[in-house]
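Structural features, examined
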Amino acid sequence: MRKSGKKALAMILTSAMVLSMAGCGGKEADPTTAAETTTAAETTTAAETTAEETTEAETAEAQQADIVVIGAGGAGMTAAIQAVQDGATDVVVLEKMPITGGNTTRSTGGLNAAGTKYQEAEGIEDSVELFVEDTMKGGKELNNKELVTKMAEDSAAAVDWVNEIGGDLSVVGMFGGASVKRIHRPTDTSAVGPMLVKALNAKMAELNIPVLLETKAEKILVDDKGAVCGVTATDKDGNEMTIDCTAVVLATGGFGANSDMVVKYKADLAGFGTTNHAGATGDGIAMAEELGAALVDIEQIQTHPTVNPETQTMYTEGVRGNGAILVNKEGKRFVNELETRDVVSAAILEQTDKQCYLVFDQAVRESLAAIESYIKKGIVTEADTPEALGEAIGVDGAALAETLKAYAGYQAAGKDDEFGRESMELPLDQPKYYAALCAPAIHHTMGGVKINTATEVLKEDGTAIPGLFAAGEVTGGVHGANRLGGNAVTDIVVFGRIAGTAAEDYVEANGGHTEAEITAAAEEAAAPAVQGNFKDGVYEGTGKGNNGDIKVEVTVKDGSITSVVLKEHGETEGIFEAAEKNVTADIIKNQTAQVDAVSGATNTSKGIMEAVENALSSAK
């Protein structure tokens, strides 16, 4: 039930207010009832139990929003922004992690789109039909063709939308599984994820859309008619809250970081590493199941073929798309490098140690800015000749040199006689030469909640759960048995926008807009909570970050640390900001460099702490 009144004051997100779990006018729907799977007697018993619990619980006024978006990854932020652009006035986003972005931040490739002005400018002939054909073929025809068609139809508009909100998708490249150049990337050919997350965050701030970080959605509430009416959540301090709402957009991502859930659906992936961020644990799928949502393709889990087995760093397919090859530990090629991810992953698992090397030359390095981050991480070996490179990585140098010579011949002839690779733009004969160790890792969960082209969440009987919409990796049906590189970003933007529009339309048809009462708290400057014991002055220190050294400047005044500033670093945009904000604030508050790392930005956090520790060594 919607509240008729408005609070006089906005709720500050950082408050410690404890609210009861009772929502939707004091009634919490029993999930089994919502799923319509119990007998009448069982339903009555459950309702009576719920009523008793509600009566016994401390009552507190639930908070209010029109639309609650669960998950602040690419799909969730896209949905929130689109809803506001369409006229929504009361949208709030819940995010269980301390930073926004989710898996989107880790996306390295780009956004697949057909019929864009950027393709046209380069004379690339593409079409919605070809995009659909490639995606269905890549997904082994298991995909829901209606969803695929909708994604392809709206893909060009998705590129324009990203650019309109401050993003940069203007360079078109080749990726595995595509018939033509279709993947759109930033002008500097850097990773797409950090760019997109930065643009989305900036637009969210511009539109004053509040994000409740470290706030975990626990349950989606429905009324006695089965329509969405609220969400219960828990903040980082364990405080419970209820937000009454008209619509929910579920955008919690997949479950690639939940090893138990992965093994439950695909046992042969036991022991595999993952490229996913720590928050990708399938929470949204579980919440939707409680309401009777159907699941589709849930056992379809993709591995990415080129992941560093020690750091779990994923090498974007753009490296291969721009010319790199794969060689085994005998120095030989063994697969068409531009085959679909499942094919390449399977081929790697047949090689010695189930690993291989990604090999490229200086020309490939200069063609793709994303490579620089791998080099800064120290996970790429380089040498002046193929023979020396082979020796450096423990591979027969002569065999590697012969492999590269043969490939250069295929490139010159325009025909790969060994594996049928069609895109060979570079001969790989420009020193220096580079190699990066690779092995497959869990990358994407193609299955999830069943939706239609309007992003409505569906039950097993095909009917929609009123007021519940979903987008992104939490859903299934778009990618089938195998996702093509570049389609995930298309998925989150296309269906994120549709979900935002659908939720706003639903609100307009079911009670209309209300005034926002949940607002973002103003930033407060970090201040010491205890007295420090350092010599006054300004000190510099260096620590090892995720992408090279981090240099900080630490200011001590009246014996206490009063400022920590990152002066130089190569950390990933969309990730380092959370560590910069939270770790430096905790250092100032506690007057020590030994504080908790920010989940999702662990290496950056540790680098900042190390740099501050080194700086303070001169202040004792």
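Placed above this text is the structure.
Now for a quick tour of the structure. Every value quoted in this text rests on a predicted model; they were computed, and no experiment measured them. (Residues numbered from 1 in each chain as written. Predicted model: local features only at pLDDT ≥ 70, side-chain atom pairs only at ≥ 80, totals over all residues. Heavy atoms only, no water.)

1. A short note on the overall build of the protein chain
Within the protein chain one finds 19 helices and 26 strands. Counting every position in the protein chain, which comprises 620 residues, the buried fraction comes to 56%. A separation threshold of at least 6 residues defines the contact pool for the protein chain, and within that pool the share at least 24 residues apart is 73%. Of the roughly 24,600 Å² that the protein chain leaves accessible, carbon and sulfur atoms contribute 48%. (Helix = DSSP H or I, 4+ residues; strand = E, 2+ residues; numbered from the N terminus. Buried < 20%, exposed > 50% of the residue type's maximum accessible area, 1.4 Å probe, protein only. Contact = heavy atoms within 4.5 Å. Areas by Shrake-Rupley, 256 points an atom, 1.4 Å probe, with all protein chains shown as cover.)

2. Focus on the packing of helix H7 (residues 155-164) against helix H17 (residues 487-509)
Relative to each other, H7 and H17 sit at 90°, their axes nearing to 9 Å. Between H7 and H17, the angle falls in the class roughly perpendicular. Between H7, through Ser155, Ala157, Ala158, Trp161 and Val162, and H17, the contact on the second element is made entirely by Thr490, Val493, Val494 and Arg497. (Axes fitted to C-alpha atoms, helices over the stretch in contact; angles between N-to-C directions. Parallel < 35°, antiparallel > 145°, perpendicular 65-115°, else oblique.)

3. Observations regarding the packing of aromatic side chains
What the rule picks out here adds up to four aromatic pairs. Between Tyr315 and Tyr374, the aromatic rings sit 5.1 Å apart at their centres with planes inclined by 85°, giving edge-to-face as the arrangement. Taken together, the residues span a long stretch of sequence, with Tyr315 in the loop between strand S14 (301-307) and helix H11 (317-321) and Tyr374 in helix H14 (residues 370-376) at a distance of 59 residues. Across the pair, Tyr374 and Tyr315 agree in class, each one buried. (Phe/Tyr/Trp six-rings, centres within 6.5 Å; stacked < 30°, edge-to-face > 60°.)

4. Brief notes about the environment of Lys140
Mapped onto the elements of the fold, Lys140 is located in the loop between helix H5 (128-138) and helix H6 (145-153). Spatially, the C-alpha atoms of Lys140 and Gly480 are 6.7 Å apart, while their sequence positions differ by 340 residues. In this structure, Lys140 is in contact with Asp342 and Ala481, ignoring residues within four places of it in sequence. Polar contacts involving the side chain of Lys140 include one to the side chain of Asp342, which spans 2.6 Å. (Polar contact = N/O pair within 3.5 Å; in protein donor to acceptor, adjacent residues only side chain to side chain.)

5. A look at H7
For H7, the full list of buried residues reads Ser155, Ala156, Ala158, Val159, Trp161 and Val162. Of the residues flanking the end of H7, it is Gly166, one or two places downstream, whose phi is positive at about 110°.

6. Some remarks on the pairing of strand S25 (residues 548-557)
When strand S24 (residues 537-545) meets S25, the two strands line up antiparallel, connected through nine bridges. Looking at the pairing, Gly541 lines up with Val552 of S25. What sits between S24 and S25 in their antiparallel hairpin is a turn of two residues. Relative to strand S26 (residues 560-568), S25 runs antiparallel, the two sharing seven bridges. Considered in S26, the bridge of Lys557 is made with Ser560. Counting the residues in the hairpin turn of S25 and S26 gives two residues, including Asp558, whose phi is positive at 55°. (Pairing = 2+ DSSP bridges.)

7. Thoughts on the pattern of salt bridges
This model, assessed by the stated rule, comprises 21 salt bridges. One salt bridge in this structure joins Glu214 and Lys236, with 3.9 Å as the shortest N-O distance. Here the residue Glu214 occupies a position in the loop between strand S8 (211-212) and strand S9 (216-222), and Lys236 occupies one in the loop between strand S10 (228-234) and strand S11 (240-244), the gap between them amounting to 22 residues. Its relative accessible area of 30% is what places Glu214 among the partly exposed residues. Connected via shared salt-bridge partners are Lys96, Lys216, Glu218 and Asp283. (Salt bridge = Lys/Arg side-chain N within 4 Å of Asp/Glu carboxyl O.)

8. Side note on helix H18 (residues 576-590)
Under the 1.5 Å per step criterion, the end-to-end length of H18 is 21 Å for 15 residues, consistent within 8% with the ideal 21 Å. Listed in full, the buried residues belonging to H18 are Phe576, Ala578, Ala579, Val583, Thr584, Ile587 and Ile588. Where H18 is buried, its residues contact S26 and helix H19 (602-616). Within two residues after H18, Gln591 carries a phi angle of roughly 60°, on the positive side. (Expected span 1.5 Å × (residues − 1).)

9. Description of the sheet that holds S26
Pairing is antiparallel in the open sheet, where three strands are placed in the order S24-S25-S26. Single-partner strands in this sheet number two, and they are S24 and S26. In this sheet, neighbouring strand axes are inclined to one another by 25° on average, regardless of whether the strands run parallel or antiparallel. The strands touched by H19 are S24, S25 and S26; relative to S24, the strand with the most contacts, the crossing angle is about 145°.

10. Focus: the sheet that holds strand S13 (residues 295-296)
A sheet is described by the order of its strands in space; here three strands give the open sequence S13-S19-S22, paired in mixed fashion. On the outer flanks of this sheet lie S13 and strand S22 (475-476), each paired with one strand and no other.

11. Focus: the packing of H6 against H17
Two numbers describe how H6 lies on H17: the axes approach to 9 Å, and their chain directions differ by 90°. The angle between H6 and H17 falls in the class roughly perpendicular. Within the contact between the two elements, H6 uses Leu147, Lys150 and Met151 and H17 uses Asn487, Thr490, Asp491, Val494, Phe495 and Ile498. Within the contact of H6 with H17, the residues separate by chemical class into five nonpolar, two polar and two charged. (Nonpolar A, V, L, I, M, F, W, Y, C, P; charged D, E, K, R; others polar.)

12. Focus: the state of the cysteines
In a disulfide, the sulfur atoms of two cysteines are held together by a covalent bond. Inspection of every chain in the model, using the stated rule, returns zero disulfides. For Cys356, which is in no disulfide, the shortest distance to another cysteine sulfur is to Cys438 and amounts to 4.7 Å. Overall, the relative accessible area of 0% leaves Cys356 in the buried class. (Disulfide = S-S within 2.5 Å.)

So, to be careful, I would describe these as geometric facts and stop short of saying anything about function.
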